Structure formats: C-alpha cells, structure tokens
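Structural description and commentary
Chain by chain, the residues run as shown.
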Amino acid sequence: MSKHVMECLGLSRVTIEDGKVVDVTEPKVKYCPLFDQVRGIKELNKDTVRENIEYRMKTFGMCCENRQTEMDNFLSFGISEILCLALKNKKIEAAVIAADGCGTAVIRNPCIVQGMGGRISGIRETEPIPKVIEAIGPENVIDPDTAKIDMVEGVCLAYDKGMHKVAVTTASVEDAWVMRDMFGSDLVIMGVHTSGMTEKQAEDAFELFDVITACASKSIRDMYHRSPEKYLAAGSKVPVYGITDQGKELIMDKLKELGREPYDGSTPEKPPYPLI
C-alpha cells in the first residue's frame, strides 16, 4: 500500500493511499489569494481541498505511480521558481528538496526541481514511487527504499557529493539551526510552509533563513513589518522575503527575469485569511 500525507491549502492535512484521497481535515485558513487567482477557489474547506488534490493527482500524477517529474514554472514567483533560475544561472549547484515519491533528494536539473516542488505543499510523509526515483536517480535520494524526509541528511549528501553551493528548503527552524551550524553562511536556506509559526520561531527564522515565504503566517509578516527597510519583498498576496544578501540576490534575479520590481508597500497587501 502506498501512503502519502501532505499539509496543504490552508493547513488541511490530506492522506492519500493507493491513488485515492482517504482523509481530509478542515483547513485552518479559509481563503488564499493564490488559489483564487489560479484555480478560482473562493473558500478553502474540506470539499474544495479534496477537489484540488484530486485535480493535481489527475493532471500530473501527484502521489501516484504516473507522477510527472518535469514541468515548466507554475507560479511566476515561488520558491521552486527561484531555485530553478538559481540553478540555470549557476548561483547554486543543487537544490535539496522534499517531494512525494522520493522524500528528500538532491536535484540539479531545474525542470525536475520545478516538476517535483512547484505544485505540491508541505509533504509530511511519503513512500517511493519507482518512476520518480528513476528520474531523480537513486543515488540522489537519501533513502530510495523508504523515501525518508530529512533535510539535514539531504544537505549532507549534497556536500558529500562534492558540491560547494547548495540550497535547501525547510519548514523547520530547528533543522535550520543544525544546518547553519554545520555548513555556515554558504548554505542557502529557504523557509517554506511557514503558516502557524510561533513568534519565537519567526524571530529565529529571520536569523537563520536567507529567503522565506510568508504563506499564511501572521508572525512572519509581523517580523517583516517591524523593519521592512532591511529586507527585500516580492509580491503582495503571499510574499517572498529576502533576508540576507545572497537571499536578496536570488530574488532580484527572478524579479529582473520577470521585468518586475520589489514590493514597496505602495499598494495594499492581499493576504490569505485568517492569518495564523
């Protein structure tokens, strides 16, 4: 039996077994402007979450045996899109991400970074999908037999392969402390899936992360608004913040590619609701 667990669409916890959605919890966030813009979803509830997950399973095989592994950019500005451009520009040598069907993996192909990371949410538990493991290469997956998720181990694998400039996505401030202590400032740490972070976690995040996405996090937005002049913001709905110089550089590269400017606060923000 194949089992995958995700936190997605307003922190709804979704369980997929053998290609079927078997459990959906009520989301804590009721509205997301990005899902409204892209999919016309006006309210996040158990039914709309299920429909969206089943749509993803049908269209690109998320959590299924026919999983598509390479894609073009989905959002104009998201973490996977920033990573893709950084790989293309050789600003990083690899991205360490977690995805369905592989768990934590070291990926150097921008199209696979986008394919595996661009249209999923917070993956909490997954099992190997042979097509995915083959596309990424079992040698690039920390545990191809179990599809374990461990971002620290993933970064260790990247450095063991002789890479010197690595980016990693993580939702864990605790893991970020460990990785920063182990690998120093050269490692690019990107904070994802930040909804529900505590005030203390958000303060630590702004000390540790190079780039962080606001998701539906009240505490992350509050940290940014304490000193917006220190940071670089992109977007007004679900903004991405550049914290360090190297984080700001990666965001600016993407803004320039799109012909856009950083968010300057002159237009109202349109955040998810409620922020948590």
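These lines cover the structure that appears in this document, whether it is placed above or below. In this text, all values refer to a predicted model and were calculated from it rather than measured experimentally.

Here we come to the overall build of the chain. Counting its secondary structure elements, the chain contains 10 helices and 11 strands. Computed over the C-alpha atoms, the radius of gyration of the chain is 17 Å, within 12% of the 19 Å expected from 2.2 N^0.38 for a compact globule of 276 residues. Approximately 12,000 Å² of the chain is accessible, and the part contributed by carbon and sulfur atoms is 48%. Side chains of the chain give 34 positive and 43 negative charges; the mean places of these two sets differ by 5 Å.

Turning next to helix H9 (residues 218-226). Within the sequence span of H9, burial applies to Ser219, Ile220, Arg221, Met223 and Tyr224. For H9, the elements touching its buried residues are helix H8 (199-208), strand S9 (211-213), strand S10 (232-234) and strand S11 (240-242).

Once that is clear, we can look at the pairing of strand S7 (residues 166-170). For S7, the tally of buried residues reaches 5 of 5 residues, placing the bulk of the element in the interior. Residue alternation in S7 divides its side chains into two sets, Val166, Val168 and Thr170 and Ala167 and Thr169, and both sets are buried. Here 3 bridges tie strand S4 (residues 94-99) to S7, and the two strands are oriented parallel to one another. For Val96, the partnering residue across the bridge sits in S7 and is Val168. In this structure, S7 lies alongside strand S8 (residues 188-191), joined through 4 bridges in parallel fashion.

Where helix H7 (residues 173-183) meets H8, the axes come as close as 10 Å, and the angle between the chain directions of the two elements is 30°. Comparing the axis directions of H7 and H8 gives the class roughly parallel. Pair H7 / H8 crosses with left-handed handedness. Counting all contacts with H7, which are made through Val173, Glu174, Ala176, Trp177 and Arg180, the residues of H8 involved are Gln201, Asp204, Ala205 and Leu208.

Among the secondary structure elements, Thr69 is positioned in the loop between helix H2 (46-60) and helix H3 (79-88). On the accessibility criterion, Thr69 (10% relative accessible area) is buried. Those residues in contact with Thr69 that sit more than four places away from it in its chain are Cys111, Ile112, Gly115, Met116, Lys131, Val132 and Ala135.

Let's shift gears to the sheet that holds strand S3 (residues 20-24). Read across the open sheet, the 4 strands follow the order S3-S2-S1-S6; overall the sheet is antiparallel. This sheet does not close on itself; its edge strands, each paired only once, are S3 and strand S6 (122-125). On average, each strand axis in the sheet is tilted by 30° relative to the strand beside it, whichever way the strands run. When strand S1 (residues 3-8) meets strand S2 (residues 12-17), the two strands line up antiparallel, connected through 6 bridges.

Quick notes on the rules
- Each chain has its residues counted from 1, following the order in which its sequence is written.
- In keeping with the predicted nature of the model, local features appear solely for residues at pLDDT of at least 70, side-chain atom pairs appear and are counted solely at 80 or more, and the whole-chain, interface and lining totals rest on all residues.
- Only hydrogens and water are set aside; all other atoms, that is, all heavy atoms of the structure, feed into the side-chain values.
- In this description a helix means any DSSP run of H or I spanning at least four residues, a strand means any run of E spanning at least two, and both kinds are numbered starting from the N terminus.
- Radius of gyration here is computed from C-alpha atoms only, and the compact-globule reference equals 2.2 Å multiplied by the residue count raised to the power 0.38.
- All accessible areas in this document rest on Shrake-Rupley with a 1.4 Å probe, and a residue is counted as covered only by the protein chains that are shown.
- Counting rule for charge: Lys and Arg are taken as positive, Asp and Glu as negative, and neither His nor the chain ends is counted.
- Where a charge sits is defined by one atom per residue type, namely NZ (Lys), CZ (Arg), CG (Asp) or CD (Glu).
- Relative accessibility decides the category of a residue: with a 1.4 Å probe and only protein chains considered, values under 20% of the type maximum give buried, values over 50% give exposed, and everything between is partly exposed.
- Residue contacts are defined here by distance: any two heavy atoms, one from each residue, within 4.5 Å place the two residues in contact.
- At least two bridges found by DSSP between two strands is the condition for calling them paired.
- For every element, the axis is a line fit to its C-alpha atoms; helices are fit only across the contacting stretch, and the angle between N-to-C directions ranges from 0 to 180 degrees.
- For this classification, under 35 degrees means roughly parallel, over 145 means roughly antiparallel, 65 to 115 means roughly perpendicular, and everything else is oblique.
- If you view the pair so one helix is near and one far, a crossing is left-handed when the near helix is turned anticlockwise from the far one by less than a right angle, and right-handed when it is turned clockwise.

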